[in-house]
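Survey of secondary and tertiary structure
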Amino acid sequence: MALSRKREKELKRLREAASDLWDDQKDVLENASRVVREASRQAAQVGREEVAPRVKDAIDHSVRPVLASGVAAGRSVADTAKDKFARDVLPSVSSALASAIAVLEVAKDPRVREALSRAGKLGTQFTSKTVVAPARHTGPGRYILIGVGLVALAGVAYAAWQTLRADDELWVTDDSDEPLPAPPTPATT
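Residues numbered from 1 in each chain as written. Predicted model: local features only at pLDDT ≥ 70, side-chain atom pairs only at ≥ 80, totals over all residues. Heavy atoms only, no water.

Some remarks on the pattern of salt bridges
Across all of its chains, the model carries seven salt bridges by this definition. The residue Glu38 makes a salt bridge to Arg41 at a minimum N-O spacing of 2.6 Å. Highlighted residues: Glu38 and Arg41, both in helix H1 (residues 5-107), separated by three residues, approximately one helical turn. Of the residues examined, Glu38 reaches a relative accessible area of 36% and is grouped as partly exposed. Residue class for Arg41 comes out partly exposed when judged on its relative accessible area of 45%. A salt bridge links Arg64 to Asp60; its shortest N-O distance comes to 2.9 Å. (Salt bridge = Lys/Arg side-chain N within 4 Å of Asp/Glu carboxyl O. Helix = DSSP H or I, 4+ residues; strand = E, 2+ residues; numbered from the N terminus. Buried < 20%, exposed > 50% of the residue type's maximum accessible area, 1.4 Å probe, protein only.)

Here you go:
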């Protein structure tokens with residue numbers, strides 16, 4: 001297919017323009033690559049010099065004290081629970097076990113077994129009617145206790161949330177250097 005000279009010149013100019021454009025794009029991409037590398041290096045340096053010390057300071061002054069107080073409170077609760085368990089629960093459990101063992105020992109005595117069997121026989125002679133246990137009614141006390149428990153649980157959850165939330169907004173200082181305007185004085189007439 002033969003092209004006219006005019007078309008060949010236009011195509012040659014278009015190829016040259018495309019080649020120039022491609023060379024310009026390569027230069028732009030190389031410059032952009034250099035800028036990105038330098039920005040990355042600067043960001044890393046700012047991170048090491050500015051951000052890391054601030055994060056470390058925030059951890060040292062905010063997180064560690066809260067964590068330490070939480071651990072101390074946990075230890076205190078654990079110690080109190082251990083003391084209560086040793087002082088209140090263990091004696092009650094050991095007393096109940098001792099009572100159960102004593103009852104078992106007494107039940108092994110043949111005289112007690114004979115007395116129980118006689119009492120059982122006498123009981124069957126006197127009971128001619130079947131005794132029906134009254135129906136058990138649940139009163140409002142159960143629901144009141146459940147409500148109180150839920151309110152207490154909500155209070156504990158709210159206290160924990162207040163303790164563990166970030167209070168950064170509470171310590172923001174006013175950056176303006178302008179003094180506050182004085183209140184207007186009443187005009188005398």
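A few points about H1
Its 103 residues give H1 an end-to-end C-alpha distance of only 127 Å, which falls more than 12% under 153 Å, the value for a rise of 1.5 Å per residue. Of all bends in H1, the biggest is about 40 degrees, found at Gly47. (Expected span 1.5 Å × (residues − 1). Bend = angle between axes of the 7 residues up to and from the residue.)

Some remarks on the confidence of the model for the chain
The pLDDT averaged across the chain works out to 80; a share of 81% of its residues lies at or above 70. Ranking the elements of the chain by mean pLDDT puts helix H2 (residues 110-126) last with 75 and H1 first with 86. (pLDDT = per-residue confidence, 0-100.)

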